Amino acid sequence: MFAVFNIAIFTGAFLIFLIQPMIANILLPKVGGSPNIWNTSAVFFQVSLLAGYFYSYIVSQKLSLKRQIVMHCCLLFCALWVVNFHFQSEQISVASPVSDVLRALLKNIFFPFVLLSTTSPLVQRWLSLSDLKESKNPYMLYVCSNIGSLSALYAYPLGFEKVLTVSEQSGLWRILFAVFFVMIAILGVYLIKTAAPLSAAERTERKSTEKTNPVLIFYWIFFAFVPSSLMLGVTSHLSTDIGGLPFLWIFPLSLYLLSFVFTFSRFYTEKASEQFLRLYKIAALVAVFLFFAAATTSNVKQNVILTGAHCFLYFIFAIYCHGVLSAKKPNSENLTLFYLCLAIGGALGGVFNTFIAPHLFLFVWEYPFVIALSLPFVLIGASEQKTDFVKAVKNEAILFFVAAVSINLHPNKSSLFAVIPLFTVLAVSVLVFSFSKRKQFFALCLFVFAFLPLFFKQSPDIVFKKRNFFGTILVEQKTLAPAPFAFLSLFHGDTLHGRQILFVIKDKTFYHFDPSTYYGKHAAVNDFFDVYNKSSPVAAWLGLGSGAIICYAPQNTKHDVFEIDKDMVDVSLKYRYFRYLEHCAPHASVKIGDARMEIAKEKDHKYDLITFDAFSSHFIPIHLTTKEAIETYRSKLKPDGVILLHISSRAFNVEPVLTKIARELEMTFIVRNLPEKDYGGYPQWGVLSNSSDAPEIKALLAMPGWRKGEMKENTPLWTDDFHNLLSALRR
């Protein structure tokens, strides 16, 4: 019968962690492809998990075993009929994406998810009350639970996403949920027949011997909070610039779960804990240095190494924190309280990263911040002694004081070379930090003094900064020689999204409106507008950026601009840092919202030209490049209209994807991507047309570097129901 316990808890965990990437992937198009959908979804699942663990704690304390089983089975049966994966009708406002996503999740899957999340603590508690010999150590099931979670996480990107459409995925999930219900019902029947209730004397004895130390409860919550927050921090840091790739969400989460499997097994000993304590200190230094000094590139191998390094360091953090939890787990009487505290810590991590950190930090600084936050309690080895605990709290306060002072004293960050001397000093201090018992806190302060300012100190060249759901916007103004000239640069994440030259003469500012300041003199977009000679065209611009591309348009063009990020529009129209839009298209109609959804509202056959230049950092949102998306754009084109697409990306190559879609829709797709050595690596552009006889297509193919789009035979057709980002990775 113990096998049935394992199968039930495995299936419940499998369902929980299968639904998480699946739902986030379904909602991704609703939020413009923003990778922050993962953090928002994660905080919903963590809070739902907390609700499930609270339910487990209450029913295990207040109800008899028989009543627990009957009530739980009834609720599971009801959940079979209320789960809903139809998010298509849900409206996500760009003004309040977080609250709208949470509302959609609450409405559609909250009830069944909460019931599923009760499985681990409740079934472990039931095992402890059974007559099986394994009842003495119910925590064995927790290992099985996390193995089930891991299996689901890798089954999704490697199996479900590749083979099944979204509707087929949701159908299979329902079937597995029904199987899970049957397993719980079988367990319930067995337990009602065989489990003997505790006597009053036994209950009194257990309660009297289990007085939980408040410091212990704090550690349960704190060491659950740290890896939860760091997991989301690592995920945000990587996915912001590589893209909303489910694998980048899944891999850190799988390490989070794997650390539970390892630390709650018999292989994690006290000696192993001591080694991971030492590794934690070294990993703290290395992780923060990598966060600052290393960025994603177009080289897949470098990106893989960077991703692997961050994930490996995170794994060290997670193992040590979860090892502390394993060492401090209570007996079965307080099992549900223990898991409730773990859920509180996990939920706090999600709430901090999703709701608090974006208002405190400009970039994903919550990642190094939480590393520093954890160190005072890590250094005392999570001691429950009152004197040690008070000392750690005092050290925490001193740590923040040192950080505040160093922010005001530290030199500005300008380049990697400014960090190398600091890293040299810290490379020496880390030896003290790792091996000395007396000088640990000195090294901790040195750590904070040297590194935290790199994240908090604002460069004097930054004139505007804003972090929101869609990422971080920076406007930088640098003076050029001769002195009156300056460069305005627009960044989204760490990717340049626009430039404009200005100069000041006698307190008057003059702007230069040449878009090649940003795109380059030899860029393919110049070729296109050299041959595009329609008079008084109607143009749609998907993605605003600095607005530079609009200045390529012919005279008397009628402009519709579609931009999902209101703050991006404000940079040009409200704060007037960039003047391209007001100068080249003063009467443009600017529509705030997802470009695909907003252009779908326009009348058919309206536009002569649709220009696609929409990015999140350097990542092209998937839902803007599916077959259905291209069909939507084509329906808004006049018969002789064309679509100009900016398709450069450091990590992904969408040329084969768009070529496949073009062939499927019987359209013509051409691209230009001239060698770096000849043209300085200018970005790749493409043009879509209904006919190969379009004058723009013929003229461009006659120019150097332009060719028809290419694809492999096995290139998948991306649709709203099926797309696989792994297939588009640059290799």
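The residue count restarts for each chain, going from 1 along the sequence in the order it is written. Confidence filtering applies because this is a predicted model: local features only for residues at pLDDT of at least 70, side-chain atom pairs given and counted only at 80 or more, and all residues used for totals across whole chains, interfaces and linings. Hydrogens and water are ignored here; the side-chain numbers use all heavy atoms of the structure.

**Description of the overall build of the protein chain**
Okay, so step 1: Helix and strand counts for the protein chain stand at 26 helices and 13 strands.
Okay, so step 2: Throughout this description, buried means an accessible area under 20% of the type-specific maximum (1.4 Å probe, protein chains only), exposed means over 50%, and partly exposed covers the range between. In the protein chain, which comprises 731 residues, the proportion classed as buried is 59%.
Okay, so step 3: Taking the contacts inside the protein chain whose residues are at least 6 apart along the sequence as the reference set, 76% of them involve residues at least 24 apart.
Okay, so step 4: Only the protein chains shown count as cover for residues, and the accessible areas themselves come from Shrake-Rupley with a 1.4 Å probe. For the protein chain, the exposed area adds up to about 30,000 Å²; of that, 61% sits on carbon and sulfur atoms. Only DSSP runs of H or I with at least four residues qualify as helices, and only runs of E with at least two residues qualify as strands; both kinds are numbered from the N terminus onward. The contact rule is simple, with two residues in contact once any of their heavy atoms fall within 4.5 Å.

**Focus on the sheet that holds strand β2 (residues 471-479)**
Okay, so step 1: With respect to topology, five strands assemble into an open sheet ordered β1-β2-β3-β4-β5, the strand pairing being antiparallel. Only two strands of the sheet have a single neighbouring strand rather than two, namely β1 (462-468) and β5 (508-511). Each strand axis lies, on average, 20° off the axis of its neighbour in the sheet, ignoring direction.
Okay, so step 2: Strand direction decides the pairing type here: strand β3 (residues 485-492) and strand β4 (residues 495-505), joined by eight bridges, are antiparallel. Looking across to β4, one finds that H492 is bridged to T495.
Okay, so step 3: Each axis is a line fitted through C-alpha atoms, and for a helix only the stretch in contact is used; angles between axes span 0 to 180 degrees, taken between their N-to-C directions. Together, β1, β2 and β3 form the strand contacts of helix α20 (residues 566-573), whose direction differs from that of β2 by roughly 25°. Two strands are said to pair when DSSP picks up at least two bridges between them.

**Details of the sheet that holds strand β10 (residues 637-646)**
Backbone hydrogen bonds are what pair the strands of a sheet, in a parallel or an antiparallel way.
Okay, so step 1: The eight strands lie next to each other as β8-β7-β6-β9-β10-β12-β11-β13, forming an open sheet whose pairing is mixed. A strand with exactly one partner marks an edge of an open sheet, and here the two such strands are β8 (589-592) and β13 (706-708). This sheet shows a mean twist of 20° between the axes of neighbouring strands, independent of strand direction.
Okay, so step 2: Alignment of β10 against strand β12 (residues 685-689), held across five bridges, turns out to be antiparallel. Within β12, the position partnered with L644 by the bridge is V687.
Okay, so step 3: Across the sheet, α20 lies against β7 (558-563) and β8, angled at about 150° from β8, the strand it touches most.

**Comments concerning unusual backbone geometry**
Okay, so step 1: Here N556, not a glycine, exhibits a phi torsion of approximately 65°, which is positive.
Okay, so step 2: Along the chain, the position of N556 falls in the loop between β6 (538-542) and β7.
Okay, so step 3: Non-glycine residue R576 carries a positive phi angle of around 55°.
Okay, so step 4: Examined against the element boundaries, R576 turns out to sit in the loop between α20 and α21 (580-584).
Okay, so step 5: With relative accessibility at 36%, the residue R576 sits in the partly exposed group.

**Points about the environment of L253**
Okay, so step 1: Summarising the element assignment, L253 is placed in helix α10 (residues 246-263).
Okay, so step 2: Residues L253 and F315, 62 residues apart in the sequence, show an inter-C-alpha distance of 9.9 Å.

**Points about the state of the cysteines**
Okay, so step 1: Cysteine sulfur atoms are paired as a disulfide whenever they fall within 2.5 Å. One pass over the structure, following the stated rule, counts one disulfide.
Okay, so step 2: Shown here is the disulfide that connects C551 with C584, its sulfur atoms set 2.0 Å apart. Looking down the S-S bond of the C551 and C584 bridge, the torsion is 95°, so its handedness is right-handed. Here C584 lies in helix α21 and C551 lies in the loop between β6 and β7, a separation of 33 residues in the sequence.

**Comments concerning the pattern of salt bridges**
Okay, so step 1: Basic side-chain nitrogens of Lys or Arg form a salt bridge, by our definition, when they fall within 4 Å of a carboxyl oxygen of Asp or Glu. Per the stated rule, a full pass over the model turns up 17 salt bridges.
Okay, so step 2: The partner of D567 in a salt bridge is K466, with the nearest N and O atoms 3.1 Å apart. Of the two residues, D567 is situated in helix α20 and K466 in strand β1; the sequence distance between them amounts to 101 residues.
Okay, so step 3: A salt bridge links K601 to E598; its shortest N-O distance comes to 3.1 Å.
Okay, so step 4: A residue is classified by how much of its surface remains accessible, and K601, at 62% relative accessible area, is exposed.

Purely geometric stuff here, so don't read any function into it on its own.
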